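# Tertiary structure, described
Residues per chain, in single letters:
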Amino acid sequence: ALVLAAGAQVCSRESLLNMEACSSFAMFLDRNGLDPLLYQKCSVIPRYIRINPRTPNVTLEDLRSQLGADVNQVGWLPGFYSMPDSVGLAGCALYKEGRIYGVDAASGAAVRALSPQPGDHVLDICA
């Protein structure tokens, strides 16, 4: 089942592609080879962190030890790690020292897609 943006409508992939109200969205997904089930409601969305690139001496074991959680590398997004959403960062020494920070994976994906190069000017206007 698929939960649309407002959460009010649930439909299968086939019915989504046939729904008049969703036709633009469905055409976008179809045109880009995206399965509508990617937008399925998740019961748990992981928390993401990134190692500060200026302090690269943080290992996966350091993260697991200090956060006390199952931390895993995000394979498609270098330098990013996922963990259960219940894990708090505020008490972690690595966080307090600025060696890691919480960040949404979408932010990292946007930077990766843009692939800024030295000398490029990037305006980050996200709140």
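Structural notes, computed from the coordinates. Note that the structure is a prediction, hence the values are computed from the model and not measured.

## Concerning the environment of A90
Relative to the elements of secondary structure, A90 occurs in the loop between β5 (80-83) and α4 (93-96). As for A90 and Y101, which are separated by eleven residues in sequence, their C-alpha atoms are 9.7 Å apart. Other than its neighbours up to four places away in sequence, A90 contacts Y95 and K96.

## Observations concerning the side chain of S82
Here S82 is to be found in strand β5. With a relative accessible area of 17%, S82 lands in the buried category. Setting aside anything within four residues of it in sequence, one finds S82 in contact with P46, R47, Y48, D70, V71, N72 and V74.

## What to know about the sheet that holds β5
What the four strands build is an open sheet, ordered β4-β5-β3-β6; its pairing is antiparallel. Only two strands of the sheet have a single partner each, and these edge strands are β4 (72-73) and β6 (100-102).

## Points about unusual backbone geometry
Backbone geometry at S115 places phi at a positive 50°, although glycine is not the residue there. When you line up the elements, S115 lands in the segment after α5 (105-114). Taking the relative accessible area as the measure of exposure, S115 reaches 41% and is therefore partly exposed.

What counts and what doesn't
Residues numbered from 1 in each chain as written. Predicted model: local features only at pLDDT ≥ 70, side-chain atom pairs only at ≥ 80, totals over all residues. Heavy atoms only, no water. Helix = DSSP H or I, 4+ residues; strand = E, 2+ residues; numbered from the N terminus. Contact = heavy atoms within 4.5 Å. Buried < 20%, exposed > 50% of the residue type's maximum accessible area, 1.4 Å probe, protein only. Pairing = 2+ DSSP bridges.

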